[in-house]
Amino acid sequence: AVAASVVASILRKWCEMATPLQRRLALYQQKLLKQNPKPRACEPGPGRALHVDQILDLHDFFKGFIQMRNMHYLEPNIIRRLTLPYRLSYAEVAGPSSVQWFVSHCWLHPFAATCSALEKHARRVAGHGQWQGLAYWICTFCNNQYDLDRELGNGHWERSSFYLA
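In what follows, the accompanying structure is described. Per chain, the residues get numbers from 1 upward, laid out in the order the sequence is written. Reporting in this predicted model follows two pLDDT cut-offs: at least 70 for local features of residues, and 80 or more for side-chain atom pairs to be given and counted; totals over whole chains, interfaces and linings ignore these cut-offs and use all residues. Heavy atoms from the whole structure form the basis of all side-chain values; hydrogens and water molecules are not counted.

**A few points about the environment of Trp 101**
Turning to step 1, where the next piece is worked out: Considering the arrangement of structural elements, one finds Trp 101 in strand E2 (residues 101-103).
Turning to step 2, where the next piece is worked out: Each residue gets one of three labels from its accessible area relative to the maximum for its type: buried under 20%, exposed over 50%, partly exposed in between, using a 1.4 Å probe on protein chains only. According to the relative accessible area criterion, Trp 101 is partly exposed, its value standing at 36%.
Turning to step 3, where the next piece is worked out: Separated by 52 residues in sequence, Trp 101 and Ala 49 place their C-alpha atoms 8.5 Å apart.
Turning to step 4, where the next piece is worked out: When sequence neighbours within four positions are dropped, the list of residues in contact with Trp 101 reads His 121, Val 125, Leu 134, Ala 135, Tyr 136 and Trp 137. Per the convention used, a helix needs a DSSP run of H or I reaching at least four residues, while a strand needs a run of E reaching at least two, with both numbered from the N terminus. Residues are treated as being in contact if the distance between any of their heavy atoms lies within 4.5 Å.

This is the structure:
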């Protein structure tokens, strides 16, 4: 409780001097910590997926900054900044799930369009079920961007997180 109070105080002071994106990142960092108070590393592969609602929430929270940008904007400006304190994948920070669907995509595709496609897919395959809880493995979120050699299997494709997922 004391540590959380100190962190909140530091964040408040920092937010007074921060850019709008930095302030938004700090708010989302607090939100992530409430949802997953102790982010921890897990093995690359199928245990690092995200529920579709986690992906849509990320988009909705930052859509004023993301607009029609793609992963080439999202990864260095949002994902990498949210994960920097932990040097983990975004899925590990947000709270990972077991993969149900593997997504192969082009980083040039607008993230808003990717989110729209994910939501449509989840609603369709869930039918009348809980579509928000379907778990998707997407490289940007599920690979540890700080250890890409390991994520890519250190030269052995059968050890890569892509193959394992």
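**Points about the pattern of salt bridges**
Turning to step 1, where the next piece is worked out: Criterion for a salt bridge: a side-chain nitrogen of Lys or Arg within 4 Å of a carboxyl oxygen of Asp or Glu. Summed over the entire model, instances satisfying the criterion amount to six salt bridges.
Turning to step 2, where the next piece is worked out: One salt bridge connects Asp 57 with Lys 31, and the closest N-O pair in it is separated by 2.9 Å. A residue pair is termed long-range when its members are at least 10 positions apart, and Asp 57 in helix H3 (residues 52-66) and Lys 31 in helix H2 (residues 20-35) qualify at 26 residues.
Turning to step 3, where the next piece is worked out: Residue classification places Asp 57 among the partly exposed residues on the basis of a relative accessible area of 23%.
Turning to step 4, where the next piece is worked out: Residues Glu 119 and Arg 123 are paired through a salt bridge, measuring 2.9 Å at the closest nitrogen-oxygen approach. Within this pair, Glu 119 and its partner Arg 123 are both found in helix H6 (residues 111-126), separated by four residues, close to a single helical turn.
Turning to step 5, where the next piece is worked out: Since its relative accessible area comes to 26%, Glu 119 is described here as partly exposed.
Turning to step 6, where the next piece is worked out: Residues joined by salt bridges that share partners form a network here, namely Arg 48, Glu 92 and Glu 151.

**Notes on the sheet that holds strand E3 (residues 135-138)**
Turning to step 1, where the next piece is worked out: Strand pairing requires that DSSP identify at least two bridges connecting the strands. Taken in spatial order, the three strands line up as E1-E3-E2 in an open sheet, and their pairing is mixed. Of all the strands in the sheet, the pair left with one neighbour each is strand E1 (50-51) and E2.
Turning to step 2, where the next piece is worked out: Pairing of E2 with E3 involves three bridges; the strand directions are parallel. In the sheet register, Phe 102 faces E3, and the bridge partner there is Trp 137.

All we've got here are geometric facts, nothing functional implied.
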